[in-house]
Amino acid sequence: MSCARVGRSVSIFALIGASFASAQIPEWRTKYDAGMTALQEGRYADAHAMLQAAYDQAQTLKAEGPVRALAAFGLGSVYLEEARFQEAEALFNEARTILEPAGGPTNQLGMVWNGLGEVFLDRSRFDEAEKAFRRAMSFLERDTELQPCVFLSRRHLGELRFMRGDFAGAADVLRHLVADERKAASGERVLASTLDVLGRAYLMQNALVDAEPVLKEAVELQRERGEQRPGFADSMVQLAALYRLQGRLERAQPLLRKALRIYEAAGDPRAAFVYDELGIEAAVEGKYLTAREYLEKARDLAQRASMPDGVIARIEGELARVQPAVAAKQSEAEEDRGQSFRKR
C-alpha cells in the first residue's frame, strides 16, 4: 500500500509557506506561495507550473541558500503528490545538501527530512523512512509554532507500523496522537488525516464498529476544508471501503463516484484506488466482467503513475481472483449462443 493512500501532508507545509525565506525577492515569494496554495487545494497542474517557475527563478537569481532550498522543497512536494518519487527524492536531497552545511534554518531541515521520509515510505524503504521522520522531529520540535508538523511526523511513525503490518500497534500510536491533536489549538490542521489512518487500522483488524465514527468524522472535517480537495476524496474512499465491508454498497458507490470526479479534475493518480474499490465491489455483486474492467483501469493508472510495486501487485492479485469467474461467464455465454444457433 502506498503512503499516498495512507495520508496526505503537503497541505501542512503549504500552510507554512515561505515564512523562512528572504523577503528580498517578493516576486519569487509570490510564485512560491501561490504554488503551495494550489498544491494544498489539489490543483496540481497550476502548482507544478508555479513552483517550477519559482525554482527556476531561484537558480537564475542565484538566491541565498534558504531560498534555493525552499524552492527545491516546493517543487519536490509537487513531484511527491504526482507520485514521481525519484524526482521528489532528488529535489529534497538538493535542499538538504544546501541547508546542512550551514546548520539550517532548522525548520526547513525538518520539512526536508519529512519529505524524504514520505518518499522512503512510498517506496517501502521503511528503515530509512523511520530515521528520516525521527530526524525531522528533532528539528521541528525546536519551534512550538511548528507543532502541526511534529504531529505529522508522529502520524508517519504510526503509518510505518501500519505498513509493516502491525495494525494494532499503529492504532495505539494513532489513538494517542488523536488525543493530543484534539487538545492542541493547531491540531485541527492534521486531525482529519490522522483519523483517516486510524480508521484504516481499525478496518484492517475488522473492527468495523470502531472504524465507522472515526471515518465519518474524517469525512466531515475534510468536507469543511473544501469539497473539491483530493483530501476529501481520500476520506470518502475509506468510508466507502467500510460500507462495502458492512454490506452497504448502496452507500459506498455514490461516495466513490464523487471521489473519482474530484481526482480526475485534479489529475490525481489516486483515482486508481477508486477504480480498485469499484472493482472489488462489482466482484462482491457478482458482476465479474465489470469488476475486471475497473481493476484493469486501476492497474493501468497505477503503472502509469509509477506507484509502488506492492500496490500494483495487490491490484493484479485482485484481477487474478476475478479471472476464473470471468472465464466461466464467457464460457456460459458462448454455450448459450451455441444453443440458440442450433435451435434455428
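Our subject is the structure that appears above.
Since this is a predicted model, take the numbers as computed values, not measurements.

What counts, and at which threshold
Residues numbered from 1 in each chain as written. Predicted model: local features only at pLDDT ≥ 70, side-chain atom pairs only at ≥ 80, totals over all residues. Heavy atoms only, no water. Axes fitted to C-alpha atoms, helices over the stretch in contact; angles between N-to-C directions. Helix = DSSP H or I, 4+ residues; strand = E, 2+ residues; numbered from the N terminus. Parallel < 35°, antiparallel > 145°, perpendicular 65-115°, else oblique. Left-handed = near helix turned anticlockwise from the far one by under 90°. Contact = heavy atoms within 4.5 Å. Nonpolar A, V, L, I, M, F, W, Y, C, P; charged D, E, K, R; others polar. Expected span 1.5 Å × (residues − 1). Buried < 20%, exposed > 50% of the residue type's maximum accessible area, 1.4 Å probe, protein only. Salt bridge = Lys/Arg side-chain N within 4 Å of Asp/Glu carboxyl O. Phe/Tyr/Trp six-rings, centres within 6.5 Å; stacked < 30°, edge-to-face > 60°.

Caption draft 1: Fine view of the packing of helix 11 (residues 188–204) against helix 12 (residues 208–225). Contact pair helix 11 / helix 12: the axes reach a minimum separation of 8 Å and the direction vectors enclose 155 degrees. The orientation of helix 11 with respect to helix 12, classified from their angle, is roughly antiparallel. Helix-helix and strand crossings are classified by hand; for helix 11 and helix 12 the assignment is left-handed. Taken together, the residues of helix 12 that come into contact with helix 11 (itself represented by Arg-189, Leu-191, Ala-192, Ser-193, Leu-195, Asp-196, Leu-198, Gly-199, Arg-200, Tyr-202 and Leu-203) are Leu-208, Asp-210, Ala-211, Val-214, Leu-215, Glu-217, Ala-218, Leu-221, Gln-222 and Arg-225. Among the residues forming the contact of helix 11 with helix 12, the class breakdown is twelve nonpolar, three polar and six charged.

Caption draft 2: Seen up close, helix 7 (residues 106–122). When the terminal C-alpha atoms of helix 7 are compared, their 24 Å separation across 17 residues agrees well with the 24 Å that a helix rising 1.5 Å per residue should span. Counting buried residues in helix 7 gives 16 out of 17 residues, a clear majority hidden from the surface. Positioned one or two residues after helix 7, Ser-124 has a phi angle of 60 degrees, which is positive.

Caption draft 3: Summary view of unusual backbone geometry. The phi dihedral of Ser-124 is positive, around 60 degrees, even though this residue is not glycine. Its place among the elements puts Ser-124 in the loop between helix 7 and helix 8 (126–140). Here the phi dihedral of Asn-206 falls at roughly 60 degrees; this positive angle occurs in a residue that is not glycine. Position of Asn-206 relative to the elements: it lies in the loop between helix 11 and helix 12.

Caption draft 4: Molecular detail of the pattern of salt bridges. Within the structure shown, the criterion is met by 30 salt bridges. Lys-216 is paired through a salt bridge with Glu-212; the nearest N and O atoms lie 2.9 Å apart. Residue Lys-216 and its partner Glu-212 are both found in helix 12; the two are separated by four residues, about one turn of the helix. Assessed through its relative accessible area of 34%, Lys-216 is described here as partly exposed.

Caption draft 5: Quick look at the packing of aromatic side chains. Summed over the entire model, instances satisfying the criterion amount to four aromatic pairs. Between Trp-28 and Tyr-32 the ring centres are 5.3 Å apart and the planes differ by 20 degrees, which places this aromatic pair in the stacked class. With Trp-28 and Tyr-32 both in helix 3 (residues 26–40), this residue pair falls four residues apart, about one helical turn. Judged by relative accessible area, which is 0%, Trp-28 ranks as buried. What makes Tyr-32 buried here is its relative accessible area of 0%.

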